[in-house]
Amino acid sequence: MFYTIDILGTIAFAISGVLVAFNKRMDLFGVLIIAFVTAVGGGTLRDVLIGETPVSWMRDMTYTYVILASAIFAIIFRSKINYLRTSLFLFDTIGIGLYTLVGIEKGLNAGLNPIICIALGTMTASFGGVTRDILCNEIPVIFRKEIYATACILGGVIYFVLREFPIKDDFVFVIAGLVVIITRLLAVKFKIALPNIYRGDVDTD
Amino acid sequence: MFYTIDILGTIAFAISGVLVAFNKRMDLFGVLIIAFVTAVGGGTLRDVLIGETPVSWMRDMTYTYVILASAIFAIIFRSKINYLRTSLFLFDTIGIGLYTLVGIEKGLNAGLNPIICIALGTMTASFGGVTRDILCNEIPVIFRKEIYATACILGGVIYFVLREFPIKDDFVFVIAGLVVIITRLLAVKFKIALPNIYRGDVDTD
Amino acid sequence: MFYTIDILGTIAFAISGVLVAFNKRMDLFGVLIIAFVTAVGGGTLRDVLIGETPVSWMRDMTYTYVILASAIFAIIFRSKINYLRTSLFLFDTIGIGLYTLVGIEKGLNAGLNPIICIALGTMTASFGGVTRDILCNEIPVIFRKEIYATACILGGVIYFVLREFPIKDDFVFVIAGLVVIITRLLAVKFKIALPNIYRGDVDTD
């Protein structure tokens, strides 16, 4: 199941890259690259920072095949892709939940402090999208509008809190992942954003 | 000969960095940095991703000296540099061909899959230009207009196809490099671009 | 003393990140991330390029705590932060001096050429600010207006010149650091900039 969700997340990230690249009217190669970078960017940063090289997508070809297939699918069905936006958003959110926990567990294996592990999980989940936006010459969405990384951090905190209790590892993993996913779904549904710190007012938290 | 072409490529990349930095009216230091980043960016990314550190330009001073000399030359003769544009384009294209194959061979040495090796070669050849454009706050040219990375990928595919035949390694290397170079020259000469995927029409391929 | 200045530099870099993120009207998370990236970006690039992983801020939690505290302080007192600009500029400059020398000494430990060590020191001191500006979608200030990296390079050259004389290591360290700091202070005070290479005139050097 872990692997299935990981692949679903990869698909969603790749397609989200295609959609952004479309808006910038990039050529075929540009679209493929943006799809690839969006899907593997987070894991690449994580592996480089902890020194686990060659980075993971270079060692397991599955990611490459899945990303290419997803991007080609998105390009062929570009006129109908809008009908998929809801499913994509779900895939994307599931992928974020999964990527956060993969990052945390890689950090633990490297013997890092829990706070650093959470940062690593959040980077794994969000750096692909940040790179996508930088390559497309936008201020990364993550820094402006959405409760995105905040959901990852919250899930990471829950993960380490639950580990203090006598709960099975798999269960901790699933609960923490669901916290990331549900936080983001609720935030989007109820248009929850982080407080606007410029005028000192707090829309919500 | 290998080394000579490598140095010619480094010179061309450094000067292309100077030309772009000029257009952005950067100061002397900015121009030198952009020249340096354009010339070593691709190899740096390659070395970091496969974990070959310290990265190569830190271990061999030749690159540093060549880049500094090229950049200073370009700055001094800035009013006449336009006469050099054709030679520069040639150097640049030769450099791309060479850098692609250097990346592929480093990938093979690290035991990576041929597809990943081709990706590594393409990154080695193109990441310097991508970083240059990001630092100058442009959408990287490579994602928009030119058949640039496509030439690298084509050369990489030829490289692995030829290796299946009983052909000398040096010969495979030269042919694959020439494929990259000639593809790009022809593409620019005949204004060949990748298909425009937005309107569904295919200009050429 | 070394450690104290390092922490002061980290504080100043974190707050400078907050100030830039404010101008871009980022949300709370974006502001914290920009603060973090500005403070650790240089050291991260340095560690990745020389292969010293996991990177240093992942191994020593002090940086994380100091950055979070500084950013929260800057956010709470955002309306009064302008009174602090002079102190901030001082902290920032001291941080640059220190970071330059930390980078140089890490390069020496990795057995690198003095020129590469100086480049490494300059990157350690300046890459955080460059990343901050890229994430905020600006052409990095360092490439346009200030004698910033030039001060680092000058300090690095002095460092290696002094090492040729029978001077205590600590003393070499302090003098070279002061060269960086004083060069930058004087440059800002007297509005010294690198020569404008576009019209061929030389404002100063």
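These figures come from a predicted structure and were not determined experimentally.

Draft legend 1. How the structure looks around the overall build of chain A. When you go through chain A residue by residue, the secondary structure sums to eight helices and zero strands. Secondary structure elements of chain A occur, N-terminal to C-terminal, as α-α-α-α-α-α-α-α. In chain A, buried positions account for 56% of the 205 residues. Of the contacts made within chain A by residues no fewer than 6 positions apart, 72% connect residues no fewer than 24 positions apart.

Draft legend 2. Just the packing of aromatic side chains, in detail. Residue and element names in this part refer to chain B. Inspection of the entire model under this criterion finds 12 aromatic pairs over all chains. Their ring planes at 50 degrees and their centres at 5.1 Å tell us that Phe13 and Tyr99 sit as a pair that is tilted. Here Tyr99 lies in helix α5 (residues 85-109) and Phe13 lies in helix α1 (residues 2-23), a separation of 86 residues in the sequence. Phe13 sits in the buried class, given a relative accessible area of 4%. Ring centres of Tyr159 and Phe160 lie 5.2 Å apart, and the angle between their planes is 80 degrees; this geometry places the pair in the edge-to-face category. On the accessibility criterion, Tyr159 (4% relative accessible area) is buried.

Draft legend 3. Up close: unusual backbone geometry. Pro54(A) follows Thr53(A) through a cis peptide bond whose omega is -10 degrees. Position of Pro54(A) relative to the elements: it lies in the loop between α2 (28-50) and α3 (56-59).

Draft legend 4. Examining the packing of α2(A) against helix α4 (residues 62-76) of chain A more closely. Residue and element names in this part refer to chain A. Running from N to C, α2 and α4 point in directions that differ by 130 degrees, and their axes come no closer than 10 Å. In terms of their interaxial angle, α2 and α4 are classed as oblique. α2 and α4 meet at a crossing whose hand is right-handed. Judged by residue contacts, Leu28, Val31, Leu32, Ala35, Phe36, Ala39 and Val40 of α2 engage Thr64, Ile67, Leu68, Ala71 and Ile75 from α4.

Draft legend 5. Examining the pattern of salt bridges more closely. Within the structure shown, the criterion is met by 12 salt bridges over all chains. Lys106(A) is paired through a salt bridge with Asp47(A); the nearest N and O atoms lie 3.7 Å apart. Pair noted here: Lys106(A) is in helix α5 (residues 85-109) and Asp47(A) is in helix α2, with a separation of 59 residues, a long-range link. Residue Lys106(A) is classed as buried on the basis of its relative accessible area of 18%. Note that Arg59(C) is salt-bridged to Glu52(C), the shortest N-O span being 3.7 Å. When salt bridges with common partners are traced through the structure, they connect Arg46(A), Asp47(A), Glu52(A), Arg59(A) and Lys106(A) into a single cluster.

Draft legend 6. Molecular detail of the packing of helix α7 (residues 149-163) of chain B against helix α8 (residues 169-189) of chain B. All names here are of chain B. Running from amino to carboxyl end, α7 crosses α8 at an angle of 155 degrees, the nearest separation of the two axes being 8 Å. In terms of orientation, α7 and α8 fall into the roughly antiparallel class. Relative to α8, the crossing made by α7 is right-handed. Between α7, through Ala151, Cys152, Leu154, Gly155, Ile158, Tyr159, Leu162 and Arg163, and α8, the contact on the second element is made entirely by Val172, Ile175, Ala176, Val179, Val180, Thr183 and Arg184. For the contact of α7 with α8, the class distribution of residues is 11 nonpolar, two polar and two charged.

Draft legend 7. Examining the UniProt feature "transmembrane region" (unreviewed entry) in chain A more closely. Residues and elements named next belong to chain A. UniProt feature "transmembrane region" (unreviewed entry): in the numbering of this structure it lies at residues 6-22, 29-50, 62-79, 86-104, 110-135, 147-165 and 171-190. Secondary structure within residues 6-22 divides into 100% helix and 0% strand; the distance between the first and last C-alpha atoms comes to 25 Å. The distance separating the terminal C-alpha atoms of residues 62-79 is 27 Å; by composition the span is 83% helix and 0% strand.

Draft legend 8. Local environment of the nonpolar core. Counting residues in hydrophobic clusters, the biggest one holds 162 residues, and the most contacted among them are Trp57(A), Met58(A), Trp57(B), Met58(B), Trp57(C) and Met58(C). Beyond its immediate chain neighbours, meaning those up to four positions away, Met58(B) contacts Leu49(C), Ile50(C), Leu112(C), Ile116(C), Leu120(C) and Met123(C).

Draft legend 9. Molecular detail of a nonpolar patch on the surface. Residue and element names in this part refer to chain A. Residues Leu68, Ile72, Phe73, Ile76 and Phe77 make up a contiguous nonpolar surface patch of about 440 Å² in total accessible area. Structurally, Phe73 is set in helix α4. According to the relative accessible area criterion, Phe73 is partly exposed, its value standing at 38%.

Draft legend 10. Here's a closer look at the side chain of Thr183(A). All names here are of chain A. Positionally, Thr183 belongs in helix α8 (residues 169-189). Within polar-contact distance, the side chain of Thr183 engages the backbone oxygen of Val179 at 2.5 Å. Setting aside anything within four residues of it in sequence, one finds Thr183 in contact with Ala151 and Leu154.

Draft legend 11. Examining α7(B) more closely. With 15 residues, α7(B) ought to run about 21 Å at 1.5 Å a step, and its terminal C-alpha atoms sit 21 Å apart, in line with that. When α7(B) is considered as a whole, its buried residues turn out to be Ala149(B), Ala151(B), Cys152(B), Gly155(B), Gly156(B), Tyr159(B), Phe160(B) and Leu162(B).

Draft legend 12. Looking closely at α2(A). All names here are of chain A. In this model, α2 (23 residues) spans 33 Å end to end at C-alpha, consistent with the 33 Å of a helix rising 1.5 Å per residue. For α2, the principal kink sits at Val40 and spans about 50 degrees. With 19 of 23 residues buried, α2 lies mostly within the body of the structure. With its phi angle positive at about 80 degrees, Gly51 sits one or two positions after the end of α2.

Draft legend 13. Fine view of the environment of Cys136(B). Residues and elements named next belong to chain B. By secondary structure assignment, the location of Cys136 is in the loop between α6 (114-135) and α7. The exposure class assigned to Cys136 is buried, which follows from its relative accessible area of 0%. Taking C-alpha positions, Cys136 is 9.9 Å from Gly30, a pair spaced 106 residues apart along the chain.

Draft legend 14. Region of interest: the confidence of the model for chain A. All names here are of chain A. The pLDDT averaged across chain A works out to 81; a share of 82% of its residues lies at or above 70. Across chain A, α4 holds the top mean pLDDT of 91, while helix α1 (residues 2-23) sits lowest at 79. Below pLDDT 50 for its whole length, residues 199-205 participates in 10 contacts with residues either more than four positions away or in separate chains.

What counts, and where the lines are drawn
Along each chain, residue indices are assigned from 1 in the same order as the chain's sequence is written. Just so you know, chain letters begin at A and ligand numbers begin at 1, following the order they were written in. Local features in this predicted model are restricted to residues of pLDDT 70 or higher, and side-chain atom pairs are both shown and tallied only at a pLDDT of 80 or more, whereas totals for entire chains, interfaces and linings draw on every residue. Calculation of side-chain values draws on the structure's entire complement of heavy atoms; hydrogens and water are dropped beforehand. Labels follow the DSSP assignment, with helices taken as runs of H or I lasting at least four residues and strands as runs of E lasting at least two, numbered in each case from the N terminus. Classification of residues uses two cut-offs on accessible area relative to the type maximum, computed with a 1.4 Å probe and protein chains only: under 20% is buried, over 50% is exposed, and between them is partly exposed. When checking whether two residues touch, look at their non-hydrogen atoms; a contact exists if any pair is within 4.5 Å. Working definition: a ring pair exists when centres of Phe, Tyr or Trp rings (six-membered ring for Trp) sit within 6.5 Å. Plane angles under 30 degrees give stacked, over 60 give edge-to-face, the rest tilted. Where helices are involved, their axes are fitted lines through C-alpha atoms of the stretch in contact, as for all axes, and angles between N-to-C directions lie from 0 to 180°. In this scheme, roughly parallel covers angles under 35 degrees and roughly antiparallel covers those over 145, while 65 to 115 is roughly perpendicular and the rest are oblique. Here a crossing is taken to be left-handed if its near helix is turned anticlockwise relative to the far helix by less than a right angle, and right-handed if that turn runs clockwise. Put simply, a salt bridge is a Lys or Arg side-chain nitrogen that is within 4 Å of an Asp or Glu carboxyl oxygen. Just so you know the grouping, Ala, Val, Leu, Ile, Met, Phe, Trp, Tyr, Cys and Pro go in nonpolar, Asp, Glu, Lys and Arg go in charged, and all remaining residues, Gly too, go in polar. UniProt positions are given in the numbering used here, feature names are shortened, and annotations may be inferred rather than shown by experiment. We call a set of buried Ala, Val, Leu, Ile, Met, Phe, Trp, Tyr and Cys residues a nonpolar core when their side-chain atoms join them within 4.5 Å. Two distance rules govern patches: like charges are joined within 9 Å, and nonpolar side chains (Val, Leu, Ile, Met, Phe, Trp, Tyr) within 5 Å, applied only to residues with over 30% relative accessible area and no salt bridge. Accessible surface area values rest on a Shrake-Rupley calculation with a 1.4 Å probe, where residue burial reflects the displayed protein chains alone. Between N or O atoms, a polar contact is any pair within 3.5 Å; within protein, one atom must be a potential hydrogen donor and the other a potential acceptor, and residues adjacent in sequence are included only when both atoms are from side chains. A helix is expected to reach a length of 1.5 Å times the quantity of its residues less one. Fitting axes to the seven residues ending at a residue and to the seven starting there, one defines the bend at that residue as the angle between these axes. The pLDDT value expresses, per residue, how confident the predictor is, ranging between 0 and 100.

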